[in-house]
Amino acid sequence: MKIAIIGTGNVGTALARGLANVGHHIFLGARNLDDEKVKKLAHQHKNISAHLVSDAVAAAEVVIVATPPAAVPAIAKNLGDVNDKIIIDATNSVVAKPDPYQNGVEALLALTNSKHVVKCFNSTGFENMANPIYHGMGIDMFVAGDSVKGKEVACQLAKNLGFAECYDFGGNDKVNLLEQFALAWINLAIIQQQGRNIAFKILRRDR
Ligand SMILES: NC(=O)c1ccc[n+]([C@@H]2O[C@H](COP(=O)([O-])OP(=O)(O)OC[C@H]3O[C@@H](n4cnc5c(N)ncnc54)[C@H](OP(=O)(O)O)[C@@H]3O)[C@@H](O)[C@H]2O)c1
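Residues numbered from 1 in each chain as written. Predicted model: local features only at pLDDT ≥ 70, side-chain atom pairs only at ≥ 80, totals over all residues. Heavy atoms only, no water.

Here we take up the overall build of the protein chain. Counting its regular elements, the protein chain contains eight helices and 10 strands. Over its C-alpha atoms the protein chain spans a radius of gyration of 16 Å, differing by no more than 12% from the 17 Å that the globule rule assigns to 207 residues. By principal-axis analysis of the C-alpha atoms, the protein chain measures approximately 45 × 35 × 35 Å. A burial count over the protein chain gives 49% of its 207 residues as buried. Here the protein chain has roughly 10100 Å² of accessible surface; of this, 51% comes from carbon and sulfur atoms. (Helix = DSSP H or I, 4+ residues; strand = E, 2+ residues; numbered from the N terminus. Rg over C-alpha atoms; globule rule 2.2 N^0.38 Å. Buried < 20%, exposed > 50% of the residue type's maximum accessible area, 1.4 Å probe, protein only. Areas by Shrake-Rupley, 256 points an atom, 1.4 Å probe, with all protein chains shown as cover.)

Along the chain, Ser147 turns up in the loop between strand 9 (141–144) and helix 7 (148–161). With relative accessibility at 5%, the residue Ser147 sits in the buried group. Between the alpha carbons of Ser147 and Gly125 there is a distance of 24 Å; along the sequence they are 22 residues apart. If near-sequence neighbours (up to four positions away) are discounted, Ser147 is found in contact with Lys115, His116, Val117 and Val118. Reaching out from Ser147, the side chain makes a polar contact with the side chain of His116 at a distance of 2.6 Å. Here the side chain of Ser147 touches Gly150 through a polar contact of 2.8 Å, landing on its backbone nitrogen. (Contact = heavy atoms within 4.5 Å. Polar contact = N/O pair within 3.5 Å; in protein donor to acceptor, adjacent residues only side chain to side chain.)

Below, the discussion takes up the sheet that holds strand 1 (residues 2–6). Taken in spatial order, the eight strands of this open sheet run 3-2-1-4-5-6-9-10, and their pairing is mixed. The open sheet terminates on both sides in strands that have one partner only, identified here as strand 3 (48–52) and strand 10 (166–170). Here the strands of the sheet are splayed against their neighbours by 25 degrees on average, with no regard to which way each runs. By the bridge criterion, five bridges tie strand 2 (residues 25–30) to strand 3 in an arrangement that is parallel. For Ile26, the partnering residue across the bridge sits in strand 3 and is Ile48. Sheet strands touched by helix 2 (residues 36–44): strand 2 and strand 3. Its angle to strand 3, the strand with the most contacts, is close to 145 degrees. On the sheet, helix 7 packs against strand 1, strand 4 (62–65), strand 5 (86–89), strand 6 (116–120), strand 9 and strand 10 and is oriented at approximately 40 degrees with respect to strand 6. (Pairing = 2+ DSSP bridges. Axes fitted to C-alpha atoms, helices over the stretch in contact; angles between N-to-C directions.)

Pasting the structure below:
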């Protein structure tokens, strides 16, 4: 699959490497192509190339947004025609928000022509996106949004990365809840000092 990743920081880098490793073609969307970090990432893997944001999006079927939430409205306005593209919003508006919107999904739905905008890859630390395996067992990912197609693709990518299951949190009305779920991870990992090597997994008794 051709995937544009906007943002080449912690999350963008982990997703780019992981998805490139399993055969996806990654088009990094950067605002500065001379940035050493961007150049290094693009040179590291034959499946990763670096572009300006609009060029990366034009080349891709799926767009992952991994920037600070406050940057999302400006980015959304410059995505171009994304009518037939799926947008996966990995941002968390738990501190700053993409003003005047509540979260990235709301902003992207309002400011682009994509109907397939979902929230995913927000609920755990970037280290867990780079390596979702604990003691031989995959941890879980979670997704929210109204687009069934968008959620299917996001979950497929999560499983490609090694997440065991990808649970549906619900529609657009559950996006804020999924961000609060991320805040629960942040609280445990950072504020309560459990460390970033912790992850959520759903356990189930036999039915
Ligand atoms: N860190 C985590 O473990 C984690 C986990 C889940 C979700 N998240 C969420 O994921 C998002 C990214 O987090 P991160 O830790 O990866 O942040 P980060 O390391 O600070 O990276 C942010 C990236 O966004 C880029 N960016 C900022 N404004 C931009 C713009 N206007 N156009 C294009 N690119 C822009 C930055 O590019 P420059 O280098 O040019 O500044 C940088 O590459 C945040 O919303 C965060 O809440 C983070």
